[in-house]
Every structure is written in C-alpha cells, then in structure tokens.
2 protein chains.
Amino acid sequence: MRPIDFYFDFASPYGYFMSEKIGALANQHGRSVTWRPILLFAALRLLGLPPPFEHPVKLDYITADFERSAKFLNLDYRLPPGFPALTQHAARAFYLLNDQAPAAAMAYAHSVLRSYFREARDISKVELIAQLVLAQTEKFGKLSAVIDLLKSDAAKARLHNAISAAVENKVFGSPFVVVDGEPFFGVDRLPQIAEKLAAVARARDDSTTGDKHDI
Amino acid sequence: MRPIDFYFDFASPYGYFMSEKIGALANQHGRSVTWRPILLFAALRLLGLPPPFEHPVKLDYITADFERSAKFLNLDYRLPPGFPALTQHAARAFYLLNDQAPAAAMAYAHSVLRSYFREARDISKVELIAQLVLAQTEKFGKLSAVIDLLKSDAAKARLHNAISAAVENKVFGSPFVVVDGEPFFGVDRLPQIAEKLAAVARARDDSTTGDKHDI
C-alpha cells in the first residue's frame, strides 16, 4: 500500500491541525504518511491562483475559524504575531533531514509547527530552524554549518523541486492530503479521509477473504 | 432566541447539502432558520472578491468533492448540465413568497434545490420557477401573472436589497450560516454549528437553573 501524501505549509494553521491528526488516523488503517512541506504562496503563484485570504473580510473570518477549529479538534493553538511567517528555511531543513532520516524529519516538522503555533516562536529565523535541526541530529555539524547548508543552492533547489512536484500534482492548498490518488483539501476533510481509508481497508480484507475462498 | 440565518445560492451544491441538514439540526436545539437566498456572484463582486472555483485545477477538485460530500452526507445529488445555472428568478420568487408566507417559501426553496440537484431541471428558466411557485400558492394568479411578477422591478429591487444586506453582513460564500452573530462558511462546518447550538442551549439551561435557585 502506498503511503498517504501530506502536503502543507509550515505557516498554515490548518496544516498544523492536520499534522496532529493524520499520523494516528493513517496508523489506524495500517498506512504510513509521507510529509511534503511546500511554500504555499509559491505553489499558488505557479498555478496562477491568488494568495489565500488576502481580502480583509475573509481574513477576519478565517482568523476566528482557526481558533474555533483548534478548539473543535482539541488542539493547543494561538495565532503567532506577524502571521504568516516566511517558511523557506523551515521547509528546506525538512528535506535536508528527510533525505537522510524520514523519522527525524517528521519529528523536526512537529517541533517547528508546535514552536510556531503553541509557543509563538519566529520560525522565519534561520537560527531557530538550525537549532531545531540540531535537536534531531548532529550529523550536519554545528549551528553555523547547518545555517550555511540551509542557505545553500542545493537546499534551495531541493525545495524548489518539491514545490514543482506538488504543483504537478495540483496541490492548491494547505493541508492537502492525497490517498491513493484521491485529493482532500482542508483539515475539515478528516472525516472523509477516515471513510476513504476504512473503505480501502474493507476492500483489501474482502479481496483477501476472496482469495482464501478460491483456495 | 434569534433565528439562525442561512444564506445560500440556489445553484450551490454545498448550499443544497446544507439546506437538507440545517432545519433538523436547528430544530433539535429549539431554533428556527431564516432562509436568505442570494446571488453569490453578485455578492462576491460587491465585496471585491473573485468568483469561486474559476481556475480549472480548483474546478476539477470541487466537482469531485461535490459528489464525495453528497455521499458522505447521504444525499441524492448529481451535477446538473450547464452548471452553474443563473438563479435570479429562483431567488426573486423566494422573496415574493417569503414576504407573504415563510413556510411556503421554504417549501418552494426545497423544491427548487431538489429540482436542480436531483432531477437536473433547468432552474434558470422563469417558466419552471413560476410553476414551482404555483405549486405552493395560487395567490399570485396564473403562470403568466407569476412570470410578470418575477420580471418586475419590484422583484428585482427586493432581491437586490437582500444581496446588499448579505454583503453588509460579510457573507462571502454559500452556504453561509450565522448563529447569534457567529459566521460559519461551508457545509463542512455542520459539526461546529452543532457544537455551538449545544453550547448555547447548555448556557440557557444553566441560567434557567440559576434563576430558580435564586428564588
């Protein structure tokens, strides 16, 4: 079975909410999750779509909805000052880690999202991102070496490729979850993702039973 | 207790889904619903917002999501040919009825939405709308008289005022539900609307109990 794709932007509250839910849900159905951070604004620009919520009327609504949705999902959350932060360093660091150790990358991603949405730390700062990388592994060297890596052309190109692949897959929001080719946009699609995963699991069980019967 | 405001466009699939759910939910919590059809494209234009889903990538997603959401909510639905229909006659007729008999107006609104999303009838046609009005009441006269009314300046002005009021209340989508001043956009907010209604009902019960205790 293919892993579930989970696209998100590190500055997306709904993306943070999904990050706290998708792992356990996938696990219940024997599935794994591939985390795929993107820069949402860059992806939208490449798709020819306007940035989200730029209109004051929508921004007011969504700001209240972030808070309400966090309570509904029983998650710690507060809107960080200066929202939304720039997330290129956070996303580059993810792929730096992920290409070596996916488990460490996922732990790092949780630490970034929680630093931002629970502790209001400024995740646009490359120093903070490098510290959060160092909390997972020392294989990239000390703080200054990690910072140099995050500013390198290789790190930029890696993230650029990830965003291009997301755009190729028509990812136009955060969070954006793809289960066996079927896209789900928004944390409010969690119940429908659960239904899909259950249906796939049932179909698999049925076909297994069928096979046994044939024998 | 104030009625719940339910804004929608007659050509909105998510609006149709909400129309099949909001009455029963409100009723469970002892609340009534005021139906407020609008022309979504006109409201968005007045707010300075782009029309929804005009980008092919989003349109593809949303078309699949309509179908999936209908199944999830256990509702009959198919995308009508020529979607989205123009809905000015449907909306004008609603207010014509509503100013005389709200119950008939609600029954009429259900009949329009079901004609469109279950039977793929063309609700942009003034003749069909007039027939659906006549199915509720004969007080406006025969078919040709109802059609004349629907094309009248008075009917246009009534709808125009309804849309202006919606824009004033920052209604930027369909469905858009307002409970005691709190806005909820989208049929996927149904669980949060249910939570809000339950919380209001609990607070009311607590204050009633408190009053009795004071006596």
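None of the values given here were measured: they were computed from a predicted structure.

What counts, and at which threshold
Residues numbered from 1 in each chain as written. Chains lettered and ligands numbered in written order. Predicted model: local features only at pLDDT ≥ 70, side-chain atom pairs only at ≥ 80, totals over all residues. Heavy atoms only, no water. pLDDT = per-residue confidence, 0-100. Buried < 20%, exposed > 50% of the residue type's maximum accessible area, 1.4 Å probe, protein only. Helix = DSSP H or I, 4+ residues; strand = E, 2+ residues; numbered from the N terminus. Arc of directions from axis to C-beta. Contact = heavy atoms within 4.5 Å. Least-squares fit on C-alpha atoms with pLDDT ≥ 70 in both. Core = buried A, V, L, I, M, F, W, Y, C linked by side-chain atoms within 4.5 Å. Phe/Tyr/Trp six-rings, centres within 6.5 Å; stacked < 30°, edge-to-face > 60°. Pairing = 2+ DSSP bridges. Axes fitted to C-alpha atoms, helices over the stretch in contact; angles between N-to-C directions. Parallel < 35°, antiparallel > 145°, perpendicular 65-115°, else oblique. Left-handed = near helix turned anticlockwise from the far one by under 90°. Nonpolar A, V, L, I, M, F, W, Y, C, P; charged D, E, K, R; others polar.

Visitor: Break down the confidence of the model for chain A for me, citing the residues and quoting the values.
Guide: On average, residues of chain A score 94 in pLDDT, and 97% of them are at 70 or above. At the level of chain-chain contacts, confidence expressed as ipTM amounts to 0.92, with global pTM at 0.94.

Visitor: Quick rundown of helix α8 (residues 143-150) of chain B? Include the residues and the values.
Guide: Residue pairs three or four apart in sequence face the same way in an α-helix, which turns once every 3.6 residues. Residue and element names in this part refer to chain B. V146, I147 and L150 are the residues of α8 that are buried. Summarising the axial view, the buried residues of α8 lie within an arc of 100°, below the 170-degree limit, and thus occupy one face. For α8, exposure combined with an orientation more than 90 degrees from the buried face picks out S144 and D148. Buried positions along α8 lie against α5 (88-98), α7 (126-134) and α9 (153-168).

Visitor: So what's going on with the relation of the copies chain A and chain B? Which residues, and what values?
Guide: Structural alignment of chain A on chain B gives an RMSD of 0.0 Å, achieved by rotating through 180° and translating 0.0 Å along the axis. Both chain copies can therefore be described as sitting about a two-fold axis. Residues of chain A ranked by C-alpha distance from the rotation axis are headed by A:D188, positioned 3.2 Å from it. When the interface residues of chain A are mapped onto chain B, 100% of them again fall at the interface, so both copies present the same face.

Visitor: So what's going on with the nonpolar core? Which residues, and what values?
Guide: Within the largest apolar cluster, 148 residues are counted, with the highest numbers of intra-cluster contacts made by A:F10, A:Y108, B:F10 and B:Y108. Once you skip the residues sitting within four places of it in the chain, A:Y108 turns out to touch A:F10, A:H89, A:A90, A:A93, A:F94, A:L97, A:I129, A:L132, A:V133 and A:Q136.

Visitor: Kindly report on the packing of aromatic side chains, identifying the contributing residues and their values.
Guide: All chains considered together, the criterion is met by 42 aromatic pairs over all chains. An aromatic cluster is defined as three or more aromatic residues linked by ring pairs; in this entry it consists of A:Y14, A:Y16, A:F17, A:F66, A:Y77, A:F83, A:Y116 and A:F117.

Visitor: Which residues make up the sheet that holds strand β3 (residues 176-179) of chain A, and what values do they have?
Guide: Residues and elements named next belong to chain A. If you trace the four strands from one edge of the open sheet to the other, you get β2-β1-β3-β4, paired in mixed fashion. Across the chains shown, the open sheet's two edge strands, defined by having one partner strand only, are β2 (33-37) and β4 (182-185). Ignoring which end each strand starts from, the neighbouring axes of this sheet average 20° apart. Looking at chain direction, β3 and β4 are connected through four bridges and run antiparallel.

Visitor: Mind laying out the sheet that holds strand β3 (residues 176-179) of chain B, listing which residues take part and the relevant values?
Guide: Residue and element names in this part refer to chain B. Strand order in the open sheet made by the four strands is β2-β1-β3-β4, with mixed pairing throughout. The sheet is open, and its two borders are formed by β2 (33-37) and β4 (182-185), each paired with just one other strand. Sheet twist, expressed as the mean angle between neighbouring strand axes with direction ignored, is 20°. Helix α6 (residues 102-117) rests against β1 (4-8) and β2 of the sheet, and its axis sits at about 50° to β2.

Visitor: Can you explain the packing of helix α7 (residues 126-134) of chain A against helix α8 (residues 143-150) of chain A? Please cite residues and give values.
Guide: When two helices pack together, their arrangement is given by the angle between their axes and by how far apart the axes lie. Residue and element names in this part refer to chain A. At a closest axis distance of 9 Å, the pairing of α7 and α8 adopts a crossing angle of 115°. In this view, α7 runs roughly perpendicular relative to α8, as classed from their interaxial angle. For the pair α7 and α8, the sense of crossing is right-handed. Across the interface between the two elements, V126, E127, I129, A130, Q131, V133 and L134 from α7 touch L143, V146, I147 and L150 from α8. Residues belonging to the contact of α7 with α8 are distributed by class as follows: nine nonpolar, one polar and one charged.

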